[in-house]
There are 2 protein chains.
Amino acid sequence: MRIPLDHQSNIPLYQQIEDHLRKSILAGTLPADTRLPASRQLARDLGVNRTTVENAYAALEAGGLVFSRMGSGTYVLPVYSLPSIPKNNADTPWPLWQTSLQKNTFANADIAEDMLQASGHPHPISFASGISDARQFPVEEFRKVIQSVMRRDQIDALEYGERRGYAPLREGIARILASQGLQTHPENILITAGSQQAIFLAAQVLLKPNDIVLVEDPTYSAALDLFRTLGFQIVGIPVDGQGMQVDKLEKLLQLHHPKLIYTIPNFHNPTGTCLNSARRRELIMLAGKYNIPILEDDFVGDLRYEGHTQPSLKSLDPGGQVIYVSTFSKMLMPGLRVGFIVADGPVFESLLNFKRLSDLATSTLIQRSLDAYMTVGRYQTYLHRSSQIFRARRDAMVTAIGRYLPSSVSFETPKGGLFIWLQLPKSLSANDLLPIACKEGVSFAPGNSFFIDGVSGRDWIRLNFASQPAEDIEEGIKRLGIVFKRIKTKAK
Amino acid sequence: MRIPLDHQSNIPLYQQIEDHLRKSILAGTLPADTRLPASRQLARDLGVNRTTVENAYAALEAGGLVFSRMGSGTYVLPVYSLPSIPKNNADTPWPLWQTSLQKNTFANADIAEDMLQASGHPHPISFASGISDARQFPVEEFRKVIQSVMRRDQIDALEYGERRGYAPLREGIARILASQGLQTHPENILITAGSQQAIFLAAQVLLKPNDIVLVEDPTYSAALDLFRTLGFQIVGIPVDGQGMQVDKLEKLLQLHHPKLIYTIPNFHNPTGTCLNSARRRELIMLAGKYNIPILEDDFVGDLRYEGHTQPSLKSLDPGGQVIYVSTFSKMLMPGLRVGFIVADGPVFESLLNFKRLSDLATSTLIQRSLDAYMTVGRYQTYLHRSSQIFRARRDAMVTAIGRYLPSSVSFETPKGGLFIWLQLPKSLSANDLLPIACKEGVSFAPGNSFFIDGVSGRDWIRLNFASQPAEDIEEGIKRLGIVFKRIKTKAK
């Protein structure tokens, strides 16, 4: 092989060789599986040092252009590009089984986001999100933690973990829960891929298609989507300022014999209300009397800005009646995808098995890093900080609403959590409002997506006050006010 | 507050203050919510520099013992320990719904591992594992990749990702698949938490309880566990040296009207056989004729040691008939939990929705890191290296079997993959053998766990030759030989 080399150039010789070979490979003049000359041979041909050639080959291999088989030489790897045209062109009819698949029409939570982005507004402000502010998270600190964990655990950090999840993390969670008045044991904790998987596992283990699940109406829309997709029948219990109207529960239990009660007792999504203590005890009592498990979704129970905490349902559990699910995603980082289930009794083993069958395990590296990052104190410090920030943002939104929205809107100031649940003036529909608001550069979650029938709540909207800085909150509500006026005048 | 300080000591003053306060907090003499004196105040009391006190407070806060509220001061955090006694003591009866839960009795793959560990053998050797050798993985390199990714993407690396998965990773996978003769598009790829979740999603989307799934008998035991747990009826097709006996397929399709055909056409688990080309085309043809989707599990299709590759079923797919699942876990790191589905047609949207409902998304950080680590060339180089190593190990096991096991055992040398499927002398039962083998310090997967009835295959064992270095393979098989002899003599 002849490679033109410039011994005067300040480009190192090995690099000149590498460049030449790379060009030939990419150009296809050195096709796949071509055996490159032995380094000794090429070195002689080019009158260079053998190491020079070896360095060039090493650089090519690092670049993924060649590979070396011990003893047998260095070979050119195929250069791949994506096929230019789709294999399945539009006129291929799909198999029958495909066309007969169950269609899921979700009250898609992303609609508002997409609409807002599509508006092309220079400075869009979203109040539609279901999570808190990721920008609060100390990424740099966490990066260092992951580092130290991988240095410490090496290959273990990337192996399958224990089936329940990384033991030290489960211990840490047990301590954090203890600090919140929920006494449990690491053996009763199952780490999941976020609380979404936690709810999913519980639903799968406890119900069959056509079974009935009882939920607050309105409730978390992704839970509704999940229950629908799994073929459950959904029965609703109305919510008031004190949370689920438990006084209406017993009649529903007798009427429908549900297999599960799904509830969000703290800073309910979307209404932001908390279930009062009397109702908590009543709920536990009734669930026991009618032998129905309770799935307690405590997604932001510890994000309280004033007033005193209520005991979690799980902490009132006489034994095995309540399955508790929570997450680090809302408080910390969505992308971490780490949630957990607290359950006792035979159901724990069922949950464990179903977790194994659905994805074997949750990323051990993330679990170990979270454990290394989390101490009770650190979590609490972080929680205190976040609470201060989110409280200020809630107040900013309440003030802005008073300043920019008509007095005909109504809402109760939430004592914690992420959401303000706001009722529009009767004449307005959230779904008519949304596209116009998005054009104006502000979005929200329309109320109907949280109701079982998907129709009720058209005069309600959910505003996330935790995800934006105060100045954006003021600006966003101001924009909303403008939209309100415009529609009013239209209505006239 | 009076803190005894030793100005002569070589322990820095701030640290003496920190130590004193920590002791008091842990001892409870400074209870939770106690407000520490303002740093200015304490500095005056102690006659030290104010920064000294501030450093002490900062150290305590970093340790999670106190937290500072801006403007309002520094407060002691509660010190938590785990509850000493379990809340639910044994004599609490569980609720009825718990005792009536469906019991899943799995042919648990971990049994062999546990038994081996329990044996307390000084140097246990496991051939029971279902995965390749994690020790091959360049952890250190991957650690650096994660670093650069977090430095590059900051908070984005920890946010929710796209619903399909990280786009560049899907592009990379499309290129790797193209290099294996499967032309697809990134939009037709869905990233999952390992191939286990991929199979799970497909099963959930395509079948309802009591629907019938057709599988090779024997087949991947975790798939059997999954199908059973989801309440499917499982019908088996026998396997021979050429893979699934497709000639028997049509009668079964007419008889059972299955809703899905699940198959492992390459280096089948557990038998290690490959489906020949004629049968591949026949299978596709029949699936189309009877309108039944094929779920192609290609968990180690690219781990070939000799012979030429067969086209994947998906690459023969006339359009939308085959759902292809594979994974990086087997080849690279189990703990990464990254697999993927290739599907086209309406079913893709259904899979996407179900993924969202089951866990929202797969860790974005891992996806981004894998993308940064993976280039086609790099993957292929890695694959070539692994193939060389695993081929050598396969040969080592074949040799060892010839040397140490009675000639009455029989097996076909697999051309790739991870497993040797070995038939024992008629007189022997794998399940009788296992405990004795474990005592001797060697384990394997008993054959019956791969059969639908859980009973057949008692005279078969699955040996993983890829997970152990050659010297351990020889030693392990040698031990197995000893156990064989012992049982034989017992039998006499």
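Residues numbered from 1 in each chain as written. Chains lettered and ligands numbered in written order. Predicted model: local features only at pLDDT ≥ 70, side-chain atom pairs only at ≥ 80, totals over all residues. Heavy atoms only, no water.

(A) Layout of the overall build of chain A. Each helix and strand in chain A was counted, giving 17 helices and 15 strands. With the C-alpha coordinates aligned to their principal axes, the bounding extent of chain A is approximately 90 × 60 × 55 Å. Here chain A, with 492 residues, has 59% of them falling under the buried criterion. In chain A, the share of contacts with a sequence separation of at least 24, taken over all contacts with a separation of at least 6, comes to 72%. Total accessible area on chain A is roughly 19000 Å²; 53% of this is exposed by carbon and sulfur atoms. Here chain A contributes 53 positively and 48 negatively charged side chains, and the mean placements of these two sets differ by 2 Å. (Helix = DSSP H or I, 4+ residues; strand = E, 2+ residues; numbered from the N terminus. Buried < 20%, exposed > 50% of the residue type's maximum accessible area, 1.4 Å probe, protein only. Contact = heavy atoms within 4.5 Å. Areas by Shrake-Rupley, 256 points an atom, 1.4 Å probe, with all protein chains shown as cover. Lys, Arg positive; Asp, Glu negative; His and termini not counted. Charge placed at Lys NZ, Arg CZ, Asp CG, Glu CD.)

(B) Expanded view of the interface of chain A and chain B. Facing 109 residues of chain A, the contacting portion of chain B comprises 109 residues. Across the interface of chain A and chain B, roughly 9300 Å² is buried in total on both sides, 62% from carbon and sulfur atoms. Here chain A and chain B share 4 salt bridges between them. Taken together, the links from chain A to chain B amount to 20 residue pairs in polar contact (both at pLDDT 80 or more). No other element matches helix H13 (residues 346-359) of chain A, which puts 9 residues into the side of chain A that touches chain B. (Buried area = accessible area lost by both parts, 1.4 Å probe. Salt bridge = Lys/Arg side-chain N within 4 Å of Asp/Glu carboxyl O. Polar contact = N/O pair within 3.5 Å; in protein donor to acceptor, adjacent residues only side chain to side chain.)

(C) Here's a closer look at unusual backbone geometry. That bond from Asn269 of chain A to Pro270 of chain A is cis: its omega, 15 degrees, falls within 30 degrees of zero. By the secondary structure assignment, Pro270 of chain A is in the loop between strand S8 (260-263) and helix H11 (277-289). Not every positive phi belongs to a glycine, and Asp33 of chain A is a case in point at roughly 70 degrees. Of note, Asp33 of chain A is situated in the loop between helix H1 (13-27) and helix H2 (39-46). The class for Asp33 of chain A is exposed, based on a relative accessible area of 56%. Phi is positive for Asn210 of chain B, which is not a glycine, with a value near 75 degrees. Within the secondary structure, Asn210 of chain B sits in the loop between helix H8 (194-206) and strand S6 (212-217).

(D) The relation of the copies chain A and chain B, seen in detail. Mapping chain A onto chain B calls for a screw motion: a turn of 180 degrees about the axis and a shift of 0.1 Å along it, with 0.1 Å RMSD after fitting. Such values leave the two copies arranged in the relation of a two-fold axis. When the interface residues of chain A are mapped onto chain B, 100% of them are again interface residues, pointing to one common binding face. (Least-squares fit on C-alpha atoms with pLDDT ≥ 70 in both.)

(E) Looking closely at the side chain of Ser369 of chain B. Along the chain, Ser369 of chain B falls in helix H14 (residues 364-373). With near-sequence residues (within four places) excluded, Ser369 of chain B lies in contact with Phe142, Val145, Ile146 and Val149 of chain B.

(F) Representation of the sheet that holds strand S3 (residues 73-76) of chain B within the structure. Residues and elements named next belong to chain B. Across the sheet, 3 strands lie side by side as S1-S3-S2; this open sheet has antiparallel pairing. This sheet does not close on itself; its edge strands, each paired only once, are strand S1 (35-36) and strand S2 (66-69). Looking at chain direction, S1 and S3 are connected through 2 bridges and run antiparallel. Counterpart to Arg35 in the pairing with S3 is Tyr75. Packing of helix H3 (residues 50-62) onto the sheet brings it into contact with S1, S2 and S3, and relative to S2 it is tilted by some 115 degrees. (Pairing = 2+ DSSP bridges. Axes fitted to C-alpha atoms, helices over the stretch in contact; angles between N-to-C directions.)

(G) Up close: the nonpolar core. Phe227, Leu463 and Ile477 of chain A together with Phe227, Leu463 and Ile477 of chain B are the most contacted members of the largest nonpolar core, which totals 226 residues. Residues in contact with Leu463 of chain A, not counting those within four places in the same chain, are Phe127, Met397, Ile401, Leu418, Phe419, Ile420, Leu422, Phe444, Ile477 and Leu480 of chain A. (Core = buried A, V, L, I, M, F, W, Y, C linked by side-chain atoms within 4.5 Å.)

(H) Quick peek at helix H13 (residues 346-359) of chain B. Residues and elements named next belong to chain B. For H13, spanning 14 residues, the distance from its first C-alpha to its last is 21 Å, which sits close to the expected 20 Å at 1.5 Å a residue. The buried fraction of H13 is high, at 12 of 14 residues. Turning to H13, its buried residues are Val347, Phe348, Ser350, Leu351, Leu352, Asn353, Phe354, Lys355, Arg356, Leu357, Ser358 and Asp359. After H13 finishes, the residue Leu360 shows a positive phi value of roughly 65 degrees. (Expected span 1.5 Å × (residues − 1).)

(I) Quick peek at the environment of Ala167 of chain A. Residue and element names in this part refer to chain A. In this fold, Ala167 is placed in helix H7 (residues 167-179). Classification of Ala167 by relative accessible area gives partly exposed; the value is 27%. Expressed as a C-alpha distance, the spacing of Ala167 and Leu190, which sit 23 residues apart in the sequence, is 9.8 Å.

(J) Seen up close, the pattern of salt bridges. Applying the stated rule across the entire model yields 48 salt bridges over all chains. Between Asp225 of chain B and Arg356 of chain A there is a salt bridge, with its nearest N and O atoms 3.3 Å apart. On the criterion of chain membership, the pair formed by Asp225 of chain B in helix H9 (residues 221-229) and Arg356 of chain A in helix H13 is interchain, its members lying in two chains. Each member of the pair, Asp225 of chain B as well as Arg356 of chain A, carries the same accessibility label: buried. For Glu474 of chain A, the salt bridge goes to Arg403 of chain A, with nearest N and O atoms at 2.8 Å. Here the residue Glu474 of chain A occupies a position in helix H17 (residues 470-491), and Arg403 of chain A occupies one in helix H15 (residues 376-404), the gap between them amounting to 71 residues.

(K) Structural context of the packing of aromatic side chains. In total, this model carries 23 aromatic pairs over all chains according to the counting rule given. Centre to centre, the rings of Trp421 of chain A and Trp460 of chain A are 5.2 Å apart; their planes meet at 10 degrees, and the pair counts as stacked. One end of the pair, Trp421 of chain A, is in strand S12 (residues 419-423); the other, Trp460 of chain A, is in strand S15 (residues 460-464), and 39 residues separate them in sequence. The exposure class assigned to Trp421 of chain A is buried, which follows from its relative accessible area of 8%. Taking 6.3 Å as the distance between ring centres and 20 degrees as the angle between the ring planes, the aromatic pair formed by Phe299 of chain B and Phe419 of chain B counts as stacked. One end of the pair, Phe299 of chain B, is in the loop between strand S10 (294-297) and helix H12 (313-316); the other, Phe419 of chain B, is in strand S13 (residues 419-423), with 120 residues separating them in the sequence. Phe419 of chain B shares its class with Phe299 of chain B; the two are buried. An aromatic cluster of three or more residues is present, and its members are Phe200 and Phe354 of chain A together with Phe200 and Phe354 of chain B. Over the face of the ring belonging to Phe419 of chain A we find Arg462 of chain A, whose NZ or CZ atom lies 4.0 Å from the ring centre. (Phe/Tyr/Trp six-rings, centres within 6.5 Å; stacked < 30°, edge-to-face > 60°. Lys NZ or Arg CZ within 6 Å of the ring centre and 35° of its normal.)

(L) Focus on the domain arrangement of chain A. Residues and elements named next belong to chain A. For chain A, the assigned domains are domain 1 (13-76), domain 2 (111-130 + 381-491) and domain 3 (139-374). Inter-centroid distance (C-alpha atoms) of domain 2 to domain 3 is 27 Å. Taken residue by residue, the interface counts 22 residues in domain 2 and 27 residues in domain 3. When the two sides are added together, the surface that domain 2 and domain 3 hide from each other amounts to roughly 2200 Å², 63% of it contributed by carbon and sulfur. Summed over the three residues of domain 2 that lose the most area to domain 3, namely Lys415, Phe450 and Ile452, the buried surface amounts to 30% of that side. Counting the contacts that link domain 2 with domain 3 gives 1 salt bridge. Of the charged contacts in the structure, one is a salt bridge between Arg394 and Glu306, with a shortest N-O distance of 2.6 Å. There are 10 residue pairs in polar contact (both at pLDDT 80 or more) connecting domain 2 and domain 3. Mapped onto the side of domain 2 that touches domain 3, the elements with two or more residues apiece are H15 and S12. (Domains from an automatic or database assignment.)

(M) Spatial organisation of the pairing of S6 of chain B. Residue and element names in this part refer to chain B. Most of S6 sits out of view: 5 of its 6 residues are buried. Pairing of S6 with strand S7 (residues 233-240), which is carried by 6 bridges, proceeds in the parallel orientation. Residue pairing in the sheet places Val215 in a bridge with Gly236 of S7. Read from S6 through H9 to S7, the crossover connection turns out right-handed. (Right-handed = clockwise from strand over helix to strand, strands pointing away.)

(N) The arrangement of the environment of Val79 of chain B in detail. All names here are of chain B. Its location among the elements puts Val79 in the loop between S3 and helix H4 (96-99). Between the alpha carbons of Val79 and Ala32 there is a distance of 7.5 Å; along the sequence they are 47 residues apart. With residues near it in sequence (within four places) discarded, Val79 still touches Ile25 and Leu26.

(O) Summary view of the sheet that holds strand S14 (residues 445-446) of chain A. All names here are of chain A. Pairing is antiparallel across the open sheet formed by 3 strands, whose spatial order is S12-S15-S14. The open sheet has two free edges, formed respectively by S12 and S14, since each of these has just one partner strand. By the bridge criterion, 5 bridges tie S12 to S15 in an arrangement that is antiparallel. Within S15, the position partnered with Ile420 by the bridge is Leu463.

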